[in-house]
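Letter by letter, the chains look like this.
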Amino acid sequence: MRLKRVLQLIDENGERYLLLPLYAMIVSTIFLEVVRRSVFSYSSIWAEEIARYAFIYVAYIGASAAIKERAHIRIDLILHLFSSRTKALVFIFGDIITLILAALAIYMSMESVLTSLHFGSVTHGLRVSQAWFLAAVPLGFSMMVFRLLQSIKRDWSDFRAGRPVFEGNKLFD
Amino acid sequence: MYQMYMQQQELSLGWEFFVPLIGMVILILLAVRIWTVIGLGSLVMLYTTGVLPPTLLGEALFDGVDHFALIAVPLFILTGDVLVRTGLSIKLLEVAEATMGWQKAGLGTSTVLGCGFFACISGSDAADAAAISRITIDRLVEKGYPKGYACAMVAAGACTGILIPPSIAYIIIGLVLGISASTLFKAAAIPGVMILASVMITNTIINRFRKYEVSDIGFNFNHWAKTVYSARWALLIPFIILGGIYSGIFTPTESAAVAVMTTIIIGFFQGTLSLKDFPEMLETSAKVNGVIVPIIAMSLPLAQTLASLQVPQYFVQSITEATANPYLIILLMLTILMVAGCIMETTPNIVILAPLLLPLALEIGMNEIHFCIFMITALGIGFITPPLGLNLFVVSGVTGTSVLAISRHAVYFVLTMLVIVLILAFVPALSLWLI
């Protein structure tokens with residue numbers, strides 16, 4: 001039961017927990033860099049790197065959160081024409097297409113991670129293995145795959161039971 | 001440079017271009033996520049045409065968005081959100097009201113000015129529309145405005161969210177075309193204020209005919225000074241952002257980080273912000289960013305493929321063959337942008353259309369910065385154009401008024417904004433004076 005509770009917490013808040021330290025990293029490194037440059041006339045080559053790489057993690061984790069809320073932009077003209085049941089099918093179709101692309105994206109981005117590991121490339125500023133940062137893309141898309149499977153399962157059972165389909169939360173409510 | 005390409009070479013595009021293109025159109029109509037369609041489209045086109053290696057897509061997912069300038073996007077959304085949560089946005093509206101409340105259409109004009117103030121902090125029009133409409137619509141209705149009209153006015157004023165710097169749209173178009181965001185922010189100042197003024201003037205004129213409100217408050221300097229003083233912390237934020245960028249102390253990204261930090265510190269000092277608020281605020285900003293970034297990442301390989309296939313040149317050639325009149329071509333571009341603005345969100349429009357239309361603009365002697373201003377302002381009208389204007393939907397979502405009822409009143413604002421866009425298109429000095 002304990003495990004189930006933990007999994008439930010991750011499902012509800014997984015993206016949020018990951019975002020907090022990443023945002024903190026972006027804002028504080030850039031802020032400190034500005035202070036350092038203006039007060040001590042000194043700037044580092046690694047601060048910008050931290051912010052940039054944390055941003056890529058934020059971006060793809062955010063994309064996963066947006067899938068959970070069905071917030072990604074789509075042209076939904078056609079949806080207005082359909083009944084709720086048909087809508088569910090349209091959503092499932094879209095999710096499957098996205099799933100295919102996400103799988104391809106994981107495959108293609110893993111290739112760059114493996115190449116980087118193979119050649120041992122490091123970043124310019126931090127001199128840390130580039131693979132740590134390149135991994136943001138396959139990680140983000142894996143999270144998206146997970147959210148997509150959840151969404152397909154939910155829509156399918158809604159379709160079967162004839163319940164109104166989840167149409168997503170608004171980005172700005 | 002473009003003339004060199006143009007030396008009457010026979011350009012031809014075959015099935016390897018049109019089949020993926022038609023596939024993309026079908027998927028878009030079937031309500032598939034835009035970034036998915038663009039991504040699959042680029043991948044298939046890379047395979048069928050063979051002009052570039054398909055691994056391009058995998059690289060673009062990282063390299064394409066690995067830009068310091070892009071970090072400003074989530075941060076400028078976050079500043080807006082923190083501002084709303086700390087209640088500082090209400091202070092900004094109070095200043096707006098003390099400044100413009102003496103006018104005949106006082107409350108309306110002040111509300112629009114409030115949209116403009118908020119636009120100096122947030123980089124997103126939808127955030128602007130949500131924040132301002134939540135506070136002001138009820139008061140406007142109380143004062144005598146019909147609800148649909150009040151909603152339309154706020155939606156129109158909120159267009160300045162991306163037209164007045166800082167602006168996510170200018171950051172993205174700068175990234176796509178390789179122009180610094182600071183330069184674009186400088187260029188956008190006059191056009192942004194012109195749009196804001198046009199919304200105010202439209203409201204004043206309509207008010208004169210329909211007599212929605214007659215303000216009887218005179219201008220009281222003591223009251224104004226008191227309001228400004230009590231809003232000093234809220235006013236500090238736009239001062240940091242715009243002052244920092246325009247004086248060259250900060251890059252836009254740095255100014256965003258400093259503004260976020262300052263707003264959070266002010267919020268903690270005033271006790272209006274607590275640690276509990278953070279997860280939700282961060283998730284909102286990350287979600288908006290997570291919607292934008294995949295579109296950029298997936299569009300870059302598509303844009304490169306199109307460039308390798310010489311599609312932009314093909315496009316320019318077929319249009320200049322039909323007409324060489326620059327006025328007609330500007331009108332044509334305006335039509336394309338407005339239609340695109342009505343049916344799709346800004347980000348995909350910018351990444352797909354900017355590389356396609358820029359050669360055409362250069363061909364008729366437009367400066368590239370002038371083109372950026374023209375393009376973003378024209379797309380901005382799309383936010384309040386029915387049937388799919390984003391701002392209309394946001395305001396409708398907040399207030400519960402139907403989109404149809406708002407659109408009916410939005411027409412006036414669309415028309416005056418259109419006039420401003422035409423003026424901007426034909427008078428380059430307005431966009432180029434400040435840079």
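Residues numbered from 1 in each chain as written. Chains lettered and ligands numbered in written order. Predicted model: local features only at pLDDT ≥ 70, side-chain atom pairs only at ≥ 80, totals over all residues. Heavy atoms only, no water.

**Student:** Run through the overall build of chain B, naming residues and quoting values.
**Tutor:** A tally of regular secondary structure across chain B gives 23 helices and 0 strands. Counting only C-alpha atoms, chain B reaches 70 × 50 × 40 Å along its principal axes. Taken over 435 residues, chain B has a buried fraction of 62%. Relative to all contacts within chain B whose residues are 6 or more apart in sequence, the contacts with residues 24 or more apart total 79%. Of the roughly 16000 Å² of accessible surface on chain B, a fraction of 68% belongs to carbon and sulfur atoms. The average position of the 17 basic charges and that of the 22 acidic charges among the side chains of chain B differ by 18 Å. (Helix = DSSP H or I, 4+ residues; strand = E, 2+ residues; numbered from the N terminus. Buried < 20%, exposed > 50% of the residue type's maximum accessible area, 1.4 Å probe, protein only. Contact = heavy atoms within 4.5 Å. Areas by Shrake-Rupley, 256 points an atom, 1.4 Å probe, with all protein chains shown as cover. Lys, Arg positive; Asp, Glu negative; His and termini not counted. Charge placed at Lys NZ, Arg CZ, Asp CG, Glu CD.)

**Student:** Please provide a residue-by-residue account of the side chain of S109 of chain A, values included.
**Tutor:** All names here are of chain A. Among the secondary structure elements, S109 is positioned in helix α3 (residues 84-119). According to the relative accessible area criterion, S109 is buried, its value standing at 2%. Looking at S109, its side chain comes within polar contact range of the main-chain oxygen of A105, at 2.7 Å. When sequence neighbours within four positions are dropped, the list of residues in contact with S109 reads V137 and P138. (Polar contact = N/O pair within 3.5 Å; in protein donor to acceptor, adjacent residues only side chain to side chain.)

**Student:** Let's hear about the environment of S44 of chain A: which residues, and what values?
**Tutor:** Residue and element names in this part refer to chain A. Structurally, S44 can be placed in the loop between α1 (2-40) and α2 (47-68). For the pair S44 and G125, spaced 81 residues apart in the sequence, the C-alpha separation amounts to 8.3 Å. The contacts of S44, once residues within four sequence positions are left out, are E33 and R36. A distance of 3.3 Å separates a polar side-chain atom of S44 from the backbone nitrogen of A47.

**Student:** For the interface of chain B and chain A, give the residues involved together with the corresponding values.
**Tutor:** Interface extent is often summarised as the accessible area lost during association of the parts. If you look at the interface, chain B gives 65 residues, while chain A gives 56 residues. When chain B packs against chain A, close to 5600 Å² is buried across both sides, 77% of that on carbon and sulfur atoms. The largest share of the area that chain B buries against chain A comes from R33, F62 and K287 of chain B, three residues that together contribute 14% of it. At the surface where chain B touches chain A, the tally comes to 5 salt bridges. Where R33 of chain B meets D95 of chain A, a salt bridge forms, and the shortest distance between an N and an O atom there is 2.8 Å. Run the count over chain B and chain A and you get 13 residue pairs in polar contact (both at pLDDT 80 or more). Among the elements that take part in the side of chain B that touches chain A, helix α16 (residues 278-308) of chain B stands out by supplying 18 residues, more than any other. (Buried area = accessible area lost by both parts, 1.4 Å probe. Salt bridge = Lys/Arg side-chain N within 4 Å of Asp/Glu carboxyl O.)

**Student:** Lay out the nonpolar core with the relevant residues and their values.
**Tutor:** Within the largest apolar cluster, 198 residues are counted, with the highest numbers of intra-cluster contacts made by F141 of chain A together with L75 and I173 of chain B. If near-sequence neighbours (up to four positions away) are discounted, L75 of chain B is found in contact with Y23, I26, V27 and I30 of chain A together with T253, A256, A257 and V260 of chain B. Listed in part, the 8 residues of the second largest apolar core include I78, V90 and V165 of chain A together with A31 of chain B. (Core = buried A, V, L, I, M, F, W, Y, C linked by side-chain atoms within 4.5 Å.)

**Student:** Which residues make up helix α15 (residues 252-270) of chain B, and what values go with them?
**Tutor:** Residues and elements named next belong to chain B. Over its 19 residues, α15 runs 27 Å from end to end, which matches the ideal 27 Å to within 8%, given 1.5 Å per residue. Taken across its 19 residues, α15 has 14 buried, putting it largely inside the fold. Backbone geometry just after α15 places G271 at a positive phi near 75 degrees. (Expected span 1.5 Å × (residues − 1).)

**Student:** Account for unusual backbone geometry, naming residues and giving values.
**Tutor:** Residues and elements named next belong to chain B. Each neighbour pair has its own omega, and for P165 with P166 the value is -5 degrees, a cis peptide bond. Despite not being glycine, A31 shows a phi value in the positive range, around 65 degrees. If you trace the backbone, A31 turns up in the loop between α2 (15-29) and α3 (34-49).

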